[in-house]
Amino acid sequence: MARYIFITGGVVSSLGKGLSSAALGALLQARGFSVRLRKLDPYLNVDPGTMSPFEHGEVFVTDDGAETDLDLGHYERFTGVPARHTDSVSSGRIYSNVLEKERRGDYLGKTIQVVPHVTNEIKAFLDIGGDEVDFMLCEIGGTVGDIEGLPFFEAIRQYSHDKPRGQCIFMHLTLLPYLAASGELKTKPTQHSVKELQSIGIAPDILVCRSEQPIPEKEREKIALFCNVRKEAVVAAYDLKTIYDAPLAYHKQGLDQAVLDAFDISPAPRPDLTVWQDVSDRVHNPEGEVKVAIVGKYTQLEDAYKSIAEALTHGGMANRVKVRVEWVDAEIFDTQDAAPHLEGYHAILVPGGFGERGTEGKIKAAEFARTRKVPYLGICLGMQMAVIEAARNVADIKTAGSEEFDHEAGKKRFEPVVYHLKEWVQGNAKVSRKVEDDKGGTMRLGAYDAVLTAGSKVAEVYGTTSIDERHRHRYEVDIKYRDKLEAAGLCFSGMSPDGKLPEIVEWPDHPWFIGVQFHPELKSKPFDPHPLFRDFIRAAKEISRLV
Ligand code: GLN
């Protein structure tokens, strides 16, 4: 059975629990252990699928079609272990399961309570797959003391008692603020946060202390003494230039050793960190720089396109260049010419998105990239916009648009080159949707196969003609327009295996113009950059050498 590591946070939010968990997962792997990472989120949404990226950052989609927290993206990028729908849960999901069981009569006669019914549901979730790996790392979202978080804390407390002694440990992340006026690192907030944890019955085994300044030995001893942990288990987490230094940095501070000690694993297997040394070397020693514009809607919050930003970095690492990403708000082009805003970039990426706002700007960005021969990668909505651009400006379908933007009944503004997908095949089964369906979890979600045209650009990029990639969309390019668009020169180089759904389009006479209906960014890793991002940045690098 797996050993469980529960990761909690205190003092303030945004300390990077997700990243620390992911880095620890990578370090345990480097010592030869198998791991799985999991996120338990206290919010009441059933999943993050309907949350605005402005509020919560991107929605990370798993192969099995779950819409999950962006921390699962960190987990995958650091460990390479594909996340599953059972790796992410929220209070909303837990309560909805409990209430469903109550209605079904599963608890007949009983009064339903947080303890034991909600906590049992959480514990049942923790058990899933517990016999498959050496370590299960479970991160609790939010900070200790949050009202919604309490059932999760109670559940992990109980869990550690339900299991044999030594099967579970608790790792707590805190902040040591630095007071410039007195030149001191303050440990009091950490002490309070640990007290809060102890008051709900959890005694942390390891403290990870975020700090801008080196933690003096004296302070480390003080924290150990006042927080009731071993001195070696007080691990410093300093700010890093790049997140990809985290595994090496945590190793240097002794985090993985502290974890193995806490579990009494001795002798500890020696770590092989060559992969992370190579990753770190590639990030720190680029041989050039390329500038990429991301023309999108959620440009104020970088987390909204987290996986794209990371995948671009991975593409840079593969080509030994630094990728400078600039976020361009698509709405600027509603009123202004795109050219002055897009000149000077070595590549343009139009990411996914929902709703009409900003789409005319994205269409202009696609036109700019096509006519100026700038490498273009269109992802999901970014592919749909590239197709609409081709339809309007090359195939002479002047009013081409997407059904997504024509919601007023009876008033059709656009010819629907992109239409609302109502039926598709998943495995051997047919899936159907109605326009009025719930908004949560009803899109075409998760991994689907696609067949690539031999000899096409994408087939060359992937080095194969059969791929599977993750999807999250409700609309689709209408196959009805394929002949007209192909006659205009746009090539449909990737299709669903039944030949009905366009998955990839490209302009063969362009140095690099590819639109994909799926999200390749979700599968990119620093040690295994996604082929599309690798080649997109290679093309950008080539352009950067030309100009
Ligand atoms: N809004 C579009 C659709 O639902 C694109 C979705 C996306 O970019 N993820 O098809």
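Residues numbered from 1 in each chain as written. Predicted model: local features only at pLDDT ≥ 70, side-chain atom pairs only at ≥ 80, totals over all residues. Heavy atoms only, no water.

As annotated in an unreviewed UniProt entry, the chain is CTP synthase from Roseobacter cerasinus. What UniProt records for the chain under Sequence similarities (unreviewed entry) is the sentence "Belongs to the CTP synthase family." In its Subunit (unreviewed entry) section, the UniProt record describing the chain reads: "Homotetramer." (UniProt positions renumbered as here; feature names shortened; annotations may be inferred.)

Asks: Which parts of the structure should I look at to understand the packing of helix H1 (residues 17–30) against helix H9 (residues 246–253)?
Replies: Each pair of packed helices can be summarised by the angle the axes make with each other and by the distance between the axes. Relative to each other, H1 and H9 sit at 75 degrees, their axes nearing to 9 Å. It follows from the interaxial angle that H1 and H9 lie roughly perpendicular. Mapping the contact onto sequence places Leu19, Ser20, Ala23, Ala26 and Leu27 in H1 and Ala246, Pro247, Tyr250 and His251 in H9. Residues of the contact of H1 with H9, tallied by class, amount to 7 nonpolar, 2 polar and no charged. (Axes fitted to C-alpha atoms, helices over the stretch in contact; angles between N-to-C directions. Helix = DSSP H or I, 4+ residues; strand = E, 2+ residues; numbered from the N terminus. Parallel < 35°, antiparallel > 145°, perpendicular 65-115°, else oblique. Contact = heavy atoms within 4.5 Å. Nonpolar A, V, L, I, M, F, W, Y, C, P; charged D, E, K, R; others polar.)

Asks: For this particular structure, what's the right way to read the sheet that holds strand E1 (residues 3–9)?
Replies: The strands making up a sheet are joined through hydrogen bonds of the backbone, oriented either antiparallel or parallel. The 7 strands are arranged E5-E2-E6-E1-E7-E10-E11 in an open sheet whose pairing can be described as parallel. Both outer strands of the open sheet, strand E5 (88–90) and strand E11 (234–238), are each paired with one neighbouring strand and no more. Taken pair by pair, the neighbouring strands of this sheet meet at an average axis angle of 20 degrees, ignoring direction. When strand E7 (residues 168–175) meets strand E10 (residues 206–211), the two strands line up parallel, connected through 5 bridges. In the sheet register, Leu175 faces E10, and the bridge partner there is Arg210. Here helix H5 (residues 114–127) sits on the sheet and contacts E1, strand E2 (35–41), E5 and strand E6 (135–140); the angle it forms with E2, its principal contact strand, is near 160 degrees. (Pairing = 2+ DSSP bridges.)

Asks: How do you make sense of the site of the ligand when you look at a structure like this?
Replies: Around the ligand sit Gly352, Gly353, Phe354, Cys380, Leu381, Gln384, Glu404, Arg472, His473, Arg474, Tyr475 and His519, and that is every residue in its neighbourhood. Side-chain polar atom of Glu404 to a nitrogen atom of the ligand: 2.8 Å apart, as the coordinates give it. Burial of the ligand by the surrounding chains reaches 99%, relative to a free accessible area of 290 Å². Mapping the ligand onto the cavity grids shows that it belongs to the second largest pocket. Of all the secondary-structure elements, those providing two or more residues to the shell around the ligand are helix H16 (381–393) and strand E21 (466–473). (Near = heavy atom within 4 Å. Polar contact = N/O pair within 3.5 Å; in protein donor to acceptor, adjacent residues only side chain to side chain. Areas by Shrake-Rupley, 256 points an atom, 1.4 Å probe, with all protein chains shown as cover. 1 Å grid on protein atoms, 1.4 Å probe; cavity = no way out; pocket = protein on both sides within 12 Å on 5 of 7 lines; lining within 4 Å. Sits in = over half its atoms within 2 Å of the grid points.)

Asks: Explain the UniProt feature "binding site: UTP" (unreviewed entry) in the chain to me, please; I cannot follow it from the model alone.
Replies: UniProt's feature table lists "binding site: UTP" (unreviewed entry) at Ser13, Lys186, Thr187, Lys188, Pro189, Thr190, Gln191 and Lys222, given in the numbering used throughout. Sequence-wise these annotated residues cover 210 residues; spatially they are dispersed, their C-alpha atoms as much as 23.4 Å apart. Judged by relative accessible area, which is 29%, Lys186 ranks as partly exposed. Leaving out residues up to four positions away in the same chain, Lys186 has contacts with Leu176, Pro177 and Leu179. Within the secondary structure, Lys188 is located in helix H7 (residues 188–199). Judged by relative accessible area, which is 49%, Lys188 ranks as partly exposed. (Buried < 20%, exposed > 50% of the residue type's maximum accessible area, 1.4 Å probe, protein only.)

Asks: What is the right way to look at the UniProt feature "binding site: ATP" (unreviewed entry) in the chain in this model?
Replies: Under the local residue numbering, the UniProt record ascribes the feature "binding site: ATP" (unreviewed entry) to Ser14, Leu15, Gly16, Lys17, Gly18, Leu19, Asp71 and Leu240. With respect to the helices, strands and loops of the structure, Ser14 is situated in the loop between E1 and H1. Here Gly16 lies in the loop between E1 and H1. Given a relative accessible area of 27%, Gly16 falls into the partly exposed group.

Asks: Got a minute to help me understand the packing of H5 against helix H6 (residues 150–162) in this structure?
Replies: Packing of H5 against H6 brings their axes to within 9 Å, and their N-to-C directions diverge by 65 degrees. On the basis of their axis angle, the class for H5 and H6 is roughly perpendicular. Relative to H6, H5 is oriented so that their crossing is right-handed. Of the residues in H6, those touching H5 at Val114, Val115, Val118, Thr119, Ile122, Lys123, Leu126 and Asp127 are Pro151, Phe152, Glu154, Ala155, Ile156, Gln158, Tyr159 and Asp162. In terms of residue class, the contact of H5 with H6 is built from 10 nonpolar, 2 polar and 4 charged. (Left-handed = near helix turned anticlockwise from the far one by under 90°.)

Asks: Even after reading the chapter, I still don't get the packing of aromatic side chains, so can you show me in this structure?
Replies: Where two aromatic rings form a pair, the distance of their centres and the angle of their planes describe that pair. All told, the structure shown has 13 aromatic pairs when counted by the stated rule. Here Phe33 and Phe135 contribute two aromatic rings whose centre-to-centre distance is 5.1 Å and whose plane-to-plane angle is 90 degrees, an arrangement assigned as edge-to-face. Of this pair, Phe33 sits in the loop between H1 and E2 while Phe135 sits in strand E6, placing them 102 residues apart in sequence. With 5.3 Å between their ring centres and 15 degrees between their planes, Phe78 and Trp276 make a pair best called stacked. Taken together, the positions of Phe78 in helix H3 (residues 71–79) and Trp276 in helix H11 (residues 274–284) put the pair 198 residues apart, joining distant regions of the chain. The pair formed by Phe78 and Trp276 is uniform in burial state, with each residue classed as buried. The cationic tip of Arg38 hangs over the ring face of Phe125; the distance from NZ or CZ to the ring centre is 5.3 Å. (Phe/Tyr/Trp six-rings, centres within 6.5 Å; stacked < 30°, edge-to-face > 60°. Lys NZ or Arg CZ within 6 Å of the ring centre and 35° of its normal.)

Asks: Could you clarify how one ought to interpret unusual backbone geometry in this entry?
Replies: Most peptide bonds are trans, and most residues other than glycine sit at a negative phi. With an omega of 10 degrees, the peptide bond running from Val115 to Pro116 counts as cis. Along the chain, Pro116 turns up in helix H5. The residue after Ser266, namely Pro267, is reached through a cis peptide bond having omega 0 degrees. Inspection of the secondary structure puts Pro267 in the loop between helix H10 (255–262) and H11. Even without glycine at this site, Cys380 takes up a positive phi of about 55 degrees. With a phi close to 65 degrees, Asp396 is a non-glycine residue in the positive phi region. Summarising the element assignment, Asp396 is placed in the loop between H16 and strand E16 (400–402).

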